[in-house]
Amino acid sequence: MVQISFDTPTGYMTVIQVGDAVTRVAWARGETGDETEILRAAKEQIAAYFAHELREFDLPLEVQGSDFQRRVCDAMLAIPFGETRQYGEISQELQASAQAVGGGCGGNPIPLIIPCHRVLAATGLGGFSGSHGVETKVALLKHEGAASLLI
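Right, let's walk through the structure included here. (Residues numbered from 1 in each chain as written. Predicted model: local features only at pLDDT ≥ 70, side-chain atom pairs only at ≥ 80, totals over all residues. Heavy atoms only, no water.)

1. Some remarks on the sheet that holds strand β2 (residues 11-18)
The antiparallel open sheet is built from three strands, whose spatial order is β1-β2-β3. The open sheet is flanked by β1 (2-8) and β3 (21-26), the only strands paired with a single partner. Each adjacent strand pair in this sheet contributes to an overall mean axis angle of 25 degrees, direction not counted. As defined by bridge partners, β1 adjoins β2 across seven bridges and the pair is classed as antiparallel. Directly across from Phe6, in β2, lies its bridge partner Met13. Along the sheet, helix α1 (residues 37-50) contacts β1, β2 and β3; its crossing angle with β1, the most-contacted strand, is approximately 20 degrees. (Pairing = 2+ DSSP bridges. Helix = DSSP H or I, 4+ residues; strand = E, 2+ residues; numbered from the N terminus. Axes fitted to C-alpha atoms, helices over the stretch in contact; angles between N-to-C directions. Contact = heavy atoms within 4.5 Å.)

2. Description of the environment of Ala41
Structurally, Ala41 can be placed in helix α1. In this structure Ala41 comes out as partly exposed when scored by relative accessible area, which is 21%. Residues Ala41 and Val18 lie 23 residues apart in sequence; the distance between their C-alpha atoms is 15 Å. (Buried < 20%, exposed > 50% of the residue type's maximum accessible area, 1.4 Å probe, protein only.)

3. Quick notes on the packing of helix α3 (residues 87-94) against helix α4 (residues 98-106)
Relative orientation of the contacting elements α3 and α4 amounts to 105 degrees, with a least axis distance of 8 Å. By the angle class used here, α3 and α4 are roughly perpendicular. Taken together, the residues of α4 that come into contact with α3 (itself represented by Tyr87, Gly88, Ile90 and Ser91) are Ala98, Val101, Gly102 and Cys105. (Parallel < 35°, antiparallel > 145°, perpendicular 65-115°, else oblique.)

4. Focus: the pattern of salt bridges
By the definition in use, this model includes two salt bridges. Across the pair Glu83 and Arg85 runs a salt bridge, and its minimum N-O distance is 3.5 Å. Residue classification places Glu83 among the partly exposed positions, given a relative accessible area of 36%. Given a relative accessible area of 29%, Arg85 falls into the partly exposed group. (Salt bridge = Lys/Arg side-chain N within 4 Å of Asp/Glu carboxyl O.)

5. Some words on the side chain of Gln45
Mapped onto the secondary structure, Gln45 falls in helix α1. Contact partners of Gln45, with chain neighbours within four places excluded, come to Leu54, Phe57, Asp58 and Leu59.

Structure (C-alpha coordinates):
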(Lines give C-alpha, C1' and ligand atoms only; values in the text may rest on other atoms or scores of the structure.)
Protein backbone atom coordinates (compact mmCIF):
# COMPACT_ATOMS: atom_id res chain seq x y z
CA MET A 1 0.00 0.00 0.00
CA VAL A 2 1.22 3.48 -0.92
CA GLN A 3 -0.53 6.79 -0.55
CA ILE A 4 -0.36 10.47 -1.36
CA SER A 5 -1.95 13.33 0.55
CA PHE A 6 -2.62 16.83 -0.76
CA ASP A 7 -4.87 19.84 -0.31
CA THR A 8 -7.96 20.41 -2.48
CA PRO A 9 -10.68 23.09 -2.47
CA THR A 10 -12.80 20.73 -0.35
CA GLY A 11 -10.09 19.86 2.16
CA TYR A 12 -7.11 17.57 2.45
CA MET A 13 -7.44 14.37 0.46
CA THR A 14 -5.52 11.11 0.67
CA VAL A 15 -5.44 8.65 -2.22
CA ILE A 16 -4.39 5.07 -1.49
CA GLN A 17 -3.05 2.60 -4.02
CA VAL A 18 -2.84 -1.14 -3.50
CA GLY A 19 -1.25 -3.13 -6.28
CA ASP A 20 -1.91 -1.45 -9.60
CA ALA A 21 -5.09 0.43 -8.66
CA VAL A 22 -6.55 3.20 -6.53
CA THR A 23 -8.49 1.49 -3.76
CA ARG A 24 -9.44 4.33 -1.43
CA VAL A 25 -9.87 8.09 -1.31
CA ALA A 26 -10.46 9.88 1.98
CA TRP A 27 -10.91 13.49 2.95
CA ALA A 28 -8.13 13.37 5.48
CA ARG A 29 -4.51 14.30 5.83
CA GLY A 30 -2.30 11.27 5.59
CA GLU A 31 1.34 10.51 5.18
CA THR A 32 2.79 10.66 1.70
CA GLY A 33 5.13 7.86 0.81
CA ASP A 34 6.87 7.07 -2.42
CA GLU A 35 4.84 8.55 -5.23
CA THR A 36 3.89 6.14 -7.96
CA GLU A 37 2.79 6.92 -11.49
CA ILE A 38 -0.80 6.09 -10.50
CA LEU A 39 -0.73 8.36 -7.44
CA ARG A 40 0.81 11.23 -9.43
CA ALA A 41 -1.90 10.78 -12.06
CA ALA A 42 -4.60 10.77 -9.36
CA LYS A 43 -3.27 14.01 -7.85
CA GLU A 44 -2.99 15.65 -11.29
CA GLN A 45 -6.46 14.53 -12.35
CA ILE A 46 -8.08 15.70 -9.12
CA ALA A 47 -6.36 19.08 -9.51
CA ALA A 48 -7.58 19.24 -13.13
CA TYR A 49 -11.12 18.37 -12.00
CA PHE A 50 -11.14 21.26 -9.53
CA ALA A 51 -9.62 23.57 -12.19
CA HIS A 52 -12.55 22.76 -14.55
CA GLU A 53 -10.13 21.01 -16.93
CA LEU A 54 -11.33 17.42 -16.38
CA ARG A 55 -14.82 15.92 -16.36
CA GLU A 56 -14.03 12.21 -16.24
CA PHE A 57 -11.27 10.48 -14.31
CA ASP A 58 -9.09 7.94 -16.07
CA LEU A 59 -7.48 5.93 -13.30
CA PRO A 60 -7.27 2.21 -12.55
CA LEU A 61 -9.75 1.58 -9.73
CA GLU A 62 -10.40 -1.45 -7.55
CA VAL A 63 -13.45 -1.32 -5.32
CA GLN A 64 -12.67 -3.55 -2.38
CA GLY A 65 -16.07 -4.63 -1.14
CA SER A 66 -18.99 -6.91 -1.81
CA ASP A 67 -20.33 -7.64 -5.26
CA PHE A 68 -23.26 -5.34 -4.49
CA GLN A 69 -20.88 -2.52 -3.44
CA ARG A 70 -19.05 -2.90 -6.76
CA ARG A 71 -22.36 -2.81 -8.67
CA VAL A 72 -23.40 0.40 -6.89
CA CYS A 73 -20.00 1.94 -7.67
CA ASP A 74 -20.32 0.93 -11.33
CA ALA A 75 -23.75 2.61 -11.46
CA MET A 76 -22.30 5.79 -9.95
CA LEU A 77 -19.41 5.76 -12.43
CA ALA A 78 -21.98 5.80 -15.24
CA ILE A 79 -23.43 9.15 -14.09
CA PRO A 80 -21.96 11.88 -16.33
CA PHE A 81 -20.32 15.04 -15.00
CA GLY A 82 -22.97 17.65 -14.12
CA GLU A 83 -25.83 15.16 -13.98
CA THR A 84 -27.48 13.39 -11.09
CA ARG A 85 -29.52 10.26 -10.42
CA GLN A 86 -31.77 9.35 -7.54
CA TYR A 87 -31.24 6.44 -5.20
CA GLY A 88 -34.55 5.04 -6.48
CA GLU A 89 -33.41 5.10 -10.11
CA ILE A 90 -30.28 3.16 -9.26
CA SER A 91 -32.26 0.78 -7.06
CA GLN A 92 -34.54 -0.09 -10.01
CA GLU A 93 -31.51 -0.65 -12.23
CA LEU A 94 -29.87 -2.93 -9.65
CA GLN A 95 -33.14 -4.50 -8.46
CA ALA A 96 -32.39 -3.57 -4.86
CA SER A 97 -33.98 -1.28 -2.30
CA ALA A 98 -33.22 2.43 -2.33
CA GLN A 99 -31.94 2.03 1.24
CA ALA A 100 -29.45 -0.61 0.10
CA VAL A 101 -28.29 1.69 -2.68
CA GLY A 102 -27.96 4.50 -0.13
CA GLY A 103 -25.79 2.23 2.00
CA GLY A 104 -23.69 1.39 -1.06
CA CYS A 105 -23.25 5.08 -1.85
CA GLY A 106 -22.28 5.80 1.75
CA GLY A 107 -19.81 2.92 1.64
CA ASN A 108 -18.14 4.16 -1.54
CA PRO A 109 -14.42 3.70 -0.85
CA ILE A 110 -13.32 6.03 -3.67
CA PRO A 111 -15.47 9.19 -3.38
CA LEU A 112 -15.09 12.02 -5.86
CA ILE A 113 -13.47 9.70 -8.44
CA ILE A 114 -16.52 7.42 -8.12
CA PRO A 115 -19.07 10.25 -7.98
CA CYS A 116 -21.40 9.37 -5.10
CA HIS A 117 -22.07 13.11 -4.76
CA ARG A 118 -24.17 12.81 -7.94
CA VAL A 119 -26.75 10.58 -6.24
CA LEU A 120 -29.71 12.35 -4.64
CA ALA A 121 -32.71 11.35 -2.57
CA ALA A 122 -36.18 11.64 -4.10
CA THR A 123 -37.00 14.59 -1.85
CA GLY A 124 -33.64 16.26 -1.30
CA LEU A 125 -29.92 15.90 -1.31
CA GLY A 126 -29.58 12.68 0.61
CA GLY A 127 -26.44 12.10 2.64
CA PHE A 128 -22.75 12.39 1.96
CA SER A 129 -19.98 10.74 3.93
CA GLY A 130 -17.16 12.93 2.62
CA SER A 131 -15.51 15.89 4.28
CA HIS A 132 -18.00 18.29 5.88
CA GLY A 133 -20.90 16.05 4.83
CA VAL A 134 -23.67 17.55 2.72
CA GLU A 135 -21.83 20.90 2.44
CA THR A 136 -19.15 19.18 0.36
CA LYS A 137 -21.80 17.40 -1.73
CA VAL A 138 -23.40 20.78 -2.52
CA ALA A 139 -20.00 22.30 -3.35
CA LEU A 140 -19.19 19.44 -5.75
CA LEU A 141 -22.59 19.68 -7.44
CA LYS A 142 -22.17 23.45 -7.83
CA HIS A 143 -18.68 22.88 -9.21
CA GLU A 144 -20.17 20.57 -11.85
CA GLY A 145 -22.95 22.99 -12.76
CA ALA A 146 -25.65 20.81 -11.25
CA ALA A 147 -26.61 23.46 -8.66
CA SER A 148 -29.85 24.30 -10.49
CA LEU A 149 -31.05 20.90 -9.32
CA LEU A 150 -30.72 22.07 -5.73
CA ILE A 151 -33.12 25.02 -6.03
